[in-house]
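Structural characterization, general
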Amino acid sequence: MTLFEDASKALATAIERLNLSEDVIERLRHPSASVKMSLPVRMDSGHLKVFPAYRVRFNTALGPGKGGLRFHPEVDVDHVQTLAFWMTFKCALLRLPFGGAKGGVRVDPKALSKMELERLSRAYIDAFADFIGPNRDVPAPDVYTNEMIMGWMADQYATIMRCHDPAVITGKPLALGGSRHRDKATASGAYMIIDAFMTEHERSPEQTTVAIQGFGNAGAELATRLYEAGYKVVAVSDSKGAVCDRAGLDVPALREYKSHDESNGVYDAYALRDCDDASVERISNEELLELDVDFLIPAALENQITEENADAIRARVIFEVANGPVTSKAAQMLEERDISVLPGILVNAGGVTVSYFEWVQNRRGESWSEDDVVERLDQRMRDAFSRVRDARKEHGVSWRVAAYVVALEHLNEALHAQGTREYYQSEL
């Protein structure tokens, strides 16, 4: 089963709860546009290397495409199409005026020098400049891309188009029109959802243990927020392994350790397992997922919890900070054991929400304060949580299905209107 086929299963269950037309259902089965390009990049050694690159817009009924751009060795068209699919429903759930899109380059970015990485980033915009735009499709950071890379891309777009149009890219440096708090937005949004869940269930942070898989931008920042709020963060991991302390980790010390060195001036090179703290236990990423904790937070990549390891999961609640870390079959198995899975289209929506704020600021020529951005983000995240919570109670479904139901209700209105327009046009 492909990643896209698996992702579509939650949607199929949500569709059963709503009275949708066959026209709407059919349109949600297929991406609206998909492009593959080859990026020739001159390496520092002088030889030329070509990288496969993709951009997919899944549905734009609600507005221009919006979605991240990742550099990763496992990127392919199915991968990117699925991420665009999730982004479509994420934007609908948060009531953002965007459709869903995503992009990627199949590359190991850590193997590139900083100059090679810049040439690759600019080559992507050279190839896709006619496919993106502030009113068409707006890229943003994702796995192994950051504000520096977004800055290079925005500059390349301006060079090609011979005009300054910062709204074409979000997640940029502040000096190039970026938004305050964008670098922390995914983690902040996730924290707000966790806090809303805690309020709903009358739990206290001091009584709650947490394990986080993934110590990149979102995972590390969220670990810090939870640590500062009094949660007991007992395990965190990066791609090379995990560290665990049942009494609670010193998260700030781990972040300081990770920031000491960068492999190419861009990415962290130090592995958590190599930290000099002798009191922590070294475990694998797989062992982290199976820890007996209150909250498990997968914040790395897709398909981390599958039907093969779902029976070994002992957490009480899972918050998906990564996109699609729990497969549809695993989610069903976990729900049958009363393990709640709050889906990524809700939990990790803070990033795209603040990207929307950045897009609005760029188009208005404004610059909002960080307090203003956080306040707006908090309202949108908690409103989305409330809508999903109410739909879950009304329909008697899981958190994941409820999130798709809420998103579908909003998206259906736009798709139905487009379908009516197309029908009358065909009759003229």
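Residues numbered from 1 in each chain as written. Predicted model: local features only at pLDDT ≥ 70, side-chain atom pairs only at ≥ 80, totals over all residues. Heavy atoms only, no water.

Named according to an unreviewed UniProt entry, the protein is Glutamate dehydrogenase originating from Lujinxingia vulgaris.

Observations concerning the sheet that holds strand β10 (residues 295-298)
Remark on secondary structure: sheet strands pair via backbone hydrogen bonds, oriented parallel or antiparallel. Where we set the bar: Pairing between strands is defined by DSSP: at least two bridges between them are needed. The numbering of helices and of strands both runs from the N terminus, where a helix is a DSSP run of H or I of at least 4 residues and a strand a run of E of at least 2. Angles shown run from 0 to 180 degrees and are taken between the N-to-C directions of axes, each axis being a line fitted to C-alpha atoms and, for helices, limited to the stretch in contact.
The sheet built from seven strands is open, its strands ordered β9-β8-β7-β6-β10-β11-β12 with mixed pairing. This sheet does not close on itself; its edge strands, each paired only once, are β9 (281-283) and β12 (340-342). Averaged over all pairs of adjacent strands, the angle between their axes in this sheet comes to 20 degrees, without regard to strand direction. One ladder, built from four bridges, connects strand β7 (residues 232-238) with strand β8 (residues 241-244); its direction is antiparallel. Counterpart to Ser237 in the pairing with β8 is Ala242.

Re the packing of aromatic side chains
Aromatic rings considered in pairs are described by the distance between their centres and by the relative angle of their planes. Short version of the rule: When two rings of Phe, Tyr or Trp (its six-membered ring) have centres within 6.5 Å they constitute a pair, described as stacked for plane angles under 30 degrees, edge-to-face for angles over 60, and tilted for the intermediate range. A 1.4 Å probe rolled over the protein chains alone gives each residue an accessible area, and that area as a share of the maximum for its type sets the label: buried under 20%, exposed over 50%, partly exposed in between.
Within this structure, the stated rule accounts for 17 aromatic pairs. Judged by centre distance (5.9 Å) and plane angle (50 degrees), the ring pair of Tyr356 and Phe357 falls under tilted. Note on Tyr356: relative accessible area 15%, which makes it buried. Taking the relative accessible area as the measure of exposure, Phe357 reaches 2% and is therefore buried. Aromatic rings pair up to connect Phe4, Phe58, Phe85, Phe89 and Tyr404 into one cluster.

A few points about the domain arrangement of the protein
The cut-off we apply is this: Residue ranges assigned to each domain were obtained from an automatic or database domain assignment. Contact between two residues is taken to exist if any of their heavy atoms lie within 4.5 Å; hydrogens are not considered. What gets called buried area is simply the loss in accessible area from a 1.4 Å probe that two parts show on being joined, summed for both. When a carboxyl oxygen of Asp or Glu is within 4 Å of a side-chain nitrogen of Lys or Arg, the pair counts as a salt bridge. Polar contacts here mean pairs of N or O atoms no more than 3.5 Å apart (in protein, one a potential hydrogen donor and the other a potential acceptor; neighbouring residues in sequence count only if both atoms are side-chain atoms). The residue classification treats Ala, Val, Leu, Ile, Met, Phe, Trp, Tyr, Cys and Pro as nonpolar and Asp, Glu, Lys and Arg as charged. All others, Gly included, are polar.
In terms of domains, the protein is made up of domain 1 (33-169) and domain 2 (181-362 + 374-427). Each of domain 1 and domain 2 has a C-alpha centre, and these two points are 23 Å apart. Taken residue by residue, the interface counts 45 residues in domain 1 and 37 residues in domain 2. The contact between domain 1 and domain 2 buries some 3,400 Å² in all, and 66% of this surface belongs to carbon and sulfur atoms. It is Leu93, Leu94 and Arg95 in domain 1 that bury the most area against domain 2; as a group they hold 21% of the surface buried on that side. Taken together, the connections running from domain 1 to domain 2 amount to one salt bridge. Along the contact surface separating domain 1 from domain 2 lie nine residue pairs in polar contact (both at pLDDT 80 or more). Of all the secondary structure elements, the ones that give two or more residues to the side of domain 1 that touches domain 2 are β3 (65-72), α3 (77-93), α4 (114-128), β5 (137-141) and α5 (147-161). It is α3 that provides the largest number of residues to the side of domain 1 that touches domain 2, a total of eleven residues. Here the residues of the side of domain 1 that touches domain 2 sort into 30 nonpolar, seven polar and eight charged.

What to know about the packing of helix α6 (residues 185-201) against helix α7 (residues 217-228)
Formally: Angles below 35 degrees are treated as roughly parallel, those above 145 as roughly antiparallel, those between 65 and 115 as roughly perpendicular, and all remaining angles as oblique. Throughout, a crossing is termed right-handed when the near helix is turned clockwise from the far one, and left-handed when it is turned anticlockwise from it by less than a right angle.
Look at α6 against α7: their axes get within 8 Å of each other, and the N-to-C directions meet at 45 degrees. Comparing the axis directions of α6 and α7 gives the class oblique. Crossing geometry of α6 relative to α7 is assigned as right-handed. Across the interface between the two elements, Thr186, Ala187, Ser188, Ala190, Tyr191 and Ile194 of α6 pack against Ala218, Glu221, Leu222, Arg225 and Leu226 of α7. Taken together, the residues that form the contact of α6 with α7 break down as seven nonpolar, two polar and two charged.

A short note on the packing of helix α1 (residues 3-15) against α3
At a minimum axis separation of 8 Å, α1 and α3 run at an interaxial angle of 20 degrees. One finds that α1 runs roughly parallel with respect to α3. Crossing hand, α1 versus α3: left-handed. Along the contact surface, α1 presents Leu3, Phe4, Ala7, Ser8 and Leu11, while α3 presents Asp78, His79, Gln81, Thr82, Phe85, Trp86 and Phe89. Its residues assigned to classes, the contact of α1 with α3 shows seven nonpolar, four polar and one charged.

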